Amino acid sequence: MSSPLRNASFSPGLWNEGARIPLHSPSPVAAAAGVAAAAVAVVTSSPPTTAGDRIEPGTAAGTRPPAPALPSGAAPGVAEGPTTTAPVGLQKTLADHPHIKTNQDLINHYYRQGGGTWEGASRRATADGTSLNKLLRDREGSVAAPESPTPPTSSAPPASTTTAPPASTTTAPPASTTTAPPASTTAPPPPAKPEDQKITNPGFSERPGIPGAYYDKVESPPTSKNLGVSATVTLPHFTADPARNYPPAGTPADVLAKMAKSGTYIEKEGPMDRPSMYLGSHASAVINGQKVEAEADIGMGWNRRFDKAGNPTFVAPAVQNSGERPTPAQIYTKDAAGKFRNQMGDEYQGKDPLQPHFCWKPFARTHEPVLGANGSPVMKNGQVKMDNHYTPIAAKENQDAYFYSGEKMSMSVGRNQGDPATAVSFTVKGEGKEPLKATIASNVLGRPDALVSEKRVTSIDQFTVFNGSNHRRPGELKPGERMSVESETTQQVLPTGSTLEGAKWHSVTVNQVGNKSVPMTGRTFVHSRLKDSAPVDEDKTFERGGYNASGGETVDIHPAAR
């Protein structure tokens, strides 16, 4: 039988609901998904063209938009040269948002500020003295920075026009006719870092993925020499489809009461699409004649944010959709009287209803075989019994454990051969922050004979609602309860308007015995992603690029309906 482990995309938040397997119920989001996907598509593709004319959205087909005003003295028909000086508005935008490095980062920023539409983003760009068309010509290029002003050339006459004669007109011959060349005052440039060495294609081998989630995975071949994997990343911007929210209207009262009693309401309410960006080690071994497998993952998942007292937080929709770190005045909690107050103590006065606040938070988990008293794997229904275990990386009160779009950080998962008690180590570190660490036992990952593969995953995992028959083990849930799409009988992703943009792997390195580090690039590594059937076309879902010699890559996920 196939292994119960899904060696593809283990999603944070799905493990508390049993083995990862997906479900499908009719979703009312097809129209919303089409609108949202169309809006986002503008960020990832050039505006439409007709007969060679670039057509701005809202402009009649076959007509040109008005030509931009030419600078004083410029001749019509002259090709636009590279921008060398940032406009004043753009200078302020870059100063206020230091995470913006590339033109694509700036495009994403304008979309967030412009309400997710081309028109809104265009207005924001125009206000900064630039345009989306100009930025789209070189998405990966660095945002043009202002030049330092050139010092003026002095026109003052020299202090004196009288030149004193030389003290002597007799010149002694040189002692030697051989003159050594002057020493160079310019040091040779340092060799480029692997993550600065861009490549056109990483050359991965390809294989089909397992259906049930929007994920993109790269994995190393298994070997006992692998000791873990580490990476440096920039966190992406996530936009949730508002039509896919839990609990939906009409959720039975007994389901809500069960959630409230178990304390899982806060965890389950909110988007039914949850992104993650993480690393993992997958191990296989034989214990007392029985083959077993185990998994250890660490990374960043989309979770509720809590305040320093452990209370769930809320923000206005515009703050949530911006993806940027909110100020204390923008973060609200509910007081004993049921009123929303921010961290300054002020009551909320906005018109838009507050919503649960989500951001990036580290997670760590293991999926382990259960061993009996004799050390042999425990069997259940003909399969090895497995234990899904989450390890706290940071308390929910720890405000340094919350991250936002555009923030750079590092993460790693490692294994200690020969010591089951400390077999797995996890580390997450944000720039300028103390590292968050954890160590956990493993019956498989610590074995010197275990064959281990390392992976990195960018994913949007999905939940849906149990309708009474669409779960593989329907007796575990009540109709109306939330369940993972991967536990659904059809195991088919759902159309959605949710998007993930700007996920950047700066470097990904597989660590091996003998202090050897192998960048995750080349044909020995295998790339896989889900390729579901209708009504979803995943060939249109993923946009990948930005490859470098250090295993780097950029990934955008735009789920697209056929």
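Structure: above.
Overview of the structure.

Definitions and cut-offs
Residues numbered from 1 in each chain as written. Predicted model: local features only at pLDDT ≥ 70, side-chain atom pairs only at ≥ 80, totals over all residues. Heavy atoms only, no water. Helix = DSSP H or I, 4+ residues; strand = E, 2+ residues; numbered from the N terminus. Buried < 20%, exposed > 50% of the residue type's maximum accessible area, 1.4 Å probe, protein only. Contact = heavy atoms within 4.5 Å. Areas by Shrake-Rupley, 256 points an atom, 1.4 Å probe, with all protein chains shown as cover. Polar contact = N/O pair within 3.5 Å; in protein donor to acceptor, adjacent residues only side chain to side chain. Arc of directions from axis to C-beta.

A short note on the overall build of the protein chain
(1) Moving on: When helices and strands are tallied, the protein chain shows eight helices and 28 strands.
(2) Moving on: Looking at the protein chain as a whole, 46% of its 562 residues qualify as buried.
(3) Moving on: In the protein chain, the proportion of contacts linking residues at least 24 apart, taken out of those at least 6 apart, comes to 74%.
(4) Moving on: For the protein chain, the accessible area works out to roughly 27800 Å², and carbon and sulfur atoms hold 55% of it.

Digging into the environment of Glu-454
(1) Moving on: In this fold, Glu-454 is placed in strand S22 (residues 451-465).
(2) Moving on: Take Glu-454: its relative accessible area is 0%, and that puts it in the buried class.
(3) Moving on: Taking the C-alpha atoms as reference points, Glu-454 and Pro-221, separated by 233 residues in sequence, lie 7.7 Å from one another.
(4) Moving on: Those residues in contact with Glu-454 that sit more than four places away from it in its chain are Val-218, Glu-219, Ser-220, Asn-226, Leu-227, Gly-228, Val-229, Gly-280, Ser-281, Val-510 and Met-520.
(5) Moving on: A polar contact of 2.5 Å, which involves the side chain of Glu-454, links it to the side chain of Ser-281.

Points about helix H2 (residues 88-96)
(1) Moving on: Here H2 has its buried residues at Leu-90, Thr-93 and Leu-94. Looking down the long axis of H2, one finds its buried residues gathered within 95° of arc, a one-sided arrangement. Projecting away from the buried face of H2 at angles above 90 degrees are the exposed residues Val-88, Lys-92 and Ala-95.
(2) Moving on: Against the buried residues of H2 lie helix H3 (103-113).

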